[in-house]
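Coordinate inspection notes
What follows is each chain in one-letter form.
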Amino acid sequence: MSLWSLRRSLVVGINLAVVTVLAVTAWASYRDILHELDEVFDAQLAQTAKSLATFYAPAKNKLSVTQIIPISQYDDTGEDSYAEEKGPSGHKYESKIGYQIYNVDGNLLASTNQAQSLNLKGLEAGYHTLKSDKNTWFIFSYFEESKGIWVHTFQRQDVRGELSGYLASEQLYPLLLMWVPISLIILFIVYIVLKPVNRFAADLRARELNNLSPVESELPNELVPIRQALNRLLHQVKMFSEREKRFVADASHELRTPLSAIQVHAENVISADSLDDAKHSGKSIFYSVERMSRLVNQLLLLNRLDSLNFTEKFEEVEISKLVSLALNNLPIDKVENHQWHIDVSSIRIICDETLIVSALTNLLSNAMKFSPKNSKIQIVATEAANRVIIKVADEGKGVPEEILERLGERFYRLQEHSGVSGSGLGLSITHKIVQLHHGKISFNNACTKGLEVHIELPK
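Just so you know, these numbers come straight off a predicted model, no measurement behind them.

1. Things to note about the nonpolar core
Core analysis: the largest hydrophobic core is formed by 40 residues, its most contacted members being Ile319 and Leu322. Breaking this core down by element, the ones donating at least two residues are helix 5 (319–328), strand 11 (348–351), helix 7 (353–369), strand 12 (376–384), strand 13 (387–393), helix 8 (426–436), strand 14 (440–445) and strand 15 (451–458). Considering each element in turn, this core owes the most residues, nine residues, to helix 7. If sequence neighbours within four positions are ignored, Leu322 has contacts with Val317, Ile349, Cys351, Glu353, Ile356, Val357 and Leu360.

2. Remarks on the sheet that holds strand 7 (residues 135–144)
The mixed open sheet is built from six strands, whose spatial order is 1-5-4-8-7-6. Both edges of this open sheet fall to strand 1 (67–69) and strand 6 (126–132), since each of them pairs with a single strand only. Direction aside, neighbouring strands of the sheet carry axes that sit 20° apart on average. In this structure, strand 4 (residues 97–103) lies alongside strand 5 (residues 108–112), joined through three bridges in antiparallel fashion. Counterpart to Tyr102 in the pairing with strand 5 is Leu108. Contacting strand 7 and strand 8 (149–156), helix 2 (residues 157–205) crosses the sheet at an angle of about 45° to strand 8.

3. Observations concerning the packing of aromatic side chains
Overall, the coordinates contain three aromatic pairs when judged by the stated rule. Ring plane angle 80° and centroid distance 5.5 Å describe the contact between Trp137 and Phe154, whose orientation is recorded as edge-to-face. In this pair, Trp137 sits in strand 7 while Phe154 sits in strand 8, placing the two residues 17 residues apart along the sequence. Exposure class is identical for Trp137 and Phe154. Each is buried. Ring geometry for Phe143 and Trp150: centres 5.0 Å apart, planes at 40°, overall tilted. The cationic tip of Arg160 hangs over the ring face of Phe138; the distance from NZ or CZ to the ring centre is 4.3 Å.

4. Describing the pairing of strand 12
Pairing analysis gives five bridges linking strand 10 (residues 339–343) to strand 12, with the strands arranged parallel. Across the sheet, residue His341 finds its bridge partner in strand 12, namely Gln378.

5. Some details on the packing of helix 1 (residues 6–55) against helix 2
Where helix 1 meets helix 2, the axes come as close as 8 Å, and the angle between the chain directions of the two elements is 160°. Taken together, the axes of helix 1 and helix 2 are roughly antiparallel relative to one another. Crossing geometry of helix 1 relative to helix 2 is assigned as right-handed.

6. Observations concerning the UniProt feature "transmembrane region" (unreviewed entry) in the protein chain
Listed under "transmembrane region" (unreviewed entry) in the UniProt record, and renumbered for this structure, are residues 12–30 and 172–194. What you have in residues 12–30 is 100% helix and 0% strand, and the ends, taken at the C-alpha atoms, are 26 Å apart. Secondary structure across residues 172–194 divides into 100% helix and 0% strand, with the first and last C-alpha atoms of the span separated by 33 Å.

Basis of the calculations
- Each chain carries its own residue numbering, running from 1 in the direction its sequence is written.
- Given that this is a predicted model, residues contribute local features only at a pLDDT of at least 70 and side-chain atom pairs are listed and counted only at 80 or more, while totals for whole chains, interfaces and linings are drawn from all residues.
- Side-chain descriptors were evaluated using all non-hydrogen atoms of the structure, hydrogens and water having been removed beforehand.
- Here, nonpolar core means buried Ala, Val, Leu, Ile, Met, Phe, Trp, Tyr and Cys residues that are tied together by side-chain atoms lying within 4.5 Å of each other.
- Only protein chains enter the calculation, and the probe is 1.4 Å; a residue is then buried if its accessible area is under 20% of its type maximum, exposed if over 50%, and partly exposed in between.
- Only DSSP runs of H or I with at least four residues qualify as helices, and only runs of E with at least two residues qualify as strands; both kinds are numbered from the N terminus onward.
- Note on contacts: a residue pair qualifies if any of its non-hydrogen atoms lie within 4.5 Å across the two residues.
- Note: two strands are recorded as paired if DSSP finds a minimum of 2 bridges between them.
- As a rule, the C-alpha atoms of each element are fitted with a line to give its axis, helices using only the stretch in contact, and angles between N-to-C directions run from 0 to 180 degrees.
- Any pair of Phe, Tyr and Trp rings, taking the six-membered ring for Trp, is counted once the centres come within 6.5 Å. Such a pair is stacked with planes under 30 degrees apart, edge-to-face with planes over 60 apart, and tilted for the rest.
- Should the NZ of a Lys or the CZ of an Arg lie within 6 Å of a ring centre and within 35 degrees of the ring normal, that charge is described as sitting over the ring.
- Each angle gets one of four labels, with under 35 degrees taken as roughly parallel, over 145 as roughly antiparallel, 65 to 115 as roughly perpendicular, and the rest as oblique.
- Handedness of a crossing follows from how the near helix is turned relative to the far one, being left-handed for an anticlockwise turn of less than a right angle and right-handed for a clockwise one.
- UniProt positions are given in the numbering used here, feature names are shortened, and annotations may be inferred rather than shown by experiment.

Rendered as structure tokens:
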């Protein structure tokens, strides 16, 4: 695959544009010059014909001999020096111009001595073009009524062609010479304009591998979007890198405890003196594996949520269905230990059903963990403008006011809850799910007792 050079494209493209403009200008000038020359020569033919008609005196004897005006005979060998084109007897162009005079009867009265005979008798007044052998002649015919004579002046085409060619070449040479400095100026301007791009590339090459800070190089306005796009990419790479580091740190920190417990209880099984001791250690291993499995699943879910910016699985669902699915995910024996007050009527929201069910499951699980038996847990949904508010309230001890803002942080747990099973990831997962749905989550202590969680979601 060939490399595409912006500098080469600019230089070649601008030079082609300049050459095209110069060529069009030269061609237009040549056409204008040719047109003006034709007008001058045509006017000269007419003026010469009228002058001849004015000064020519026809002989009284109608049988007089035709007057032949001699002309210089030069061999036309192309472009000669100025001295070679003329001599004592005249100029070599004499054979290319001339005139003929006829009376009304068509008799030739006077004519230049052309090497090539031209029969102009019978031409009407005005301009004519006559092709004879290899040459083309431009002719002007004029009738002098007072004298009864026809005057025909003529000129060969190459007289005009040579003159127009000289003028065109004289104009073309300066244009060609002008293109060379213009091309050098274009090359210099392109170099200056692209210098910030080269500096930008050099800055990127000089960066350390782990340097993901924004690029601040000065660039022209047209290239600023490229820098902005690159900075967005660096920001995303930095975010993903931090997520990976955080995931590894979280996993290694949280899995260390259950793994250590499994190792200790496995050693107890090996060295157990009785079957009861072995069973007790086996149960401890089972609980540790169960906790570790739950923790790994939560970590994987949280890591997957971190990598999502939006979800394409949004659909309209009734909140009552979401609450029912969340309750089915909870242990039946623990659900039966509480009084449930559910008031969601027939409100519907547009969401990802799986993710919202997971968020409600986490909230209801926390409400059961931190509420005494036979206490009431409320799930209430209300509509406000274009949003739906879901409230989950329990009758536990609540949370100190200074701690409310920290709820939802990863692995954050109250010291007094250390005896309750959990990893501190449930609220983090719920918070992330609500964010993906463009909603908000807030925590407040109830007026009487317990904690209230409010989730606002768009309809």
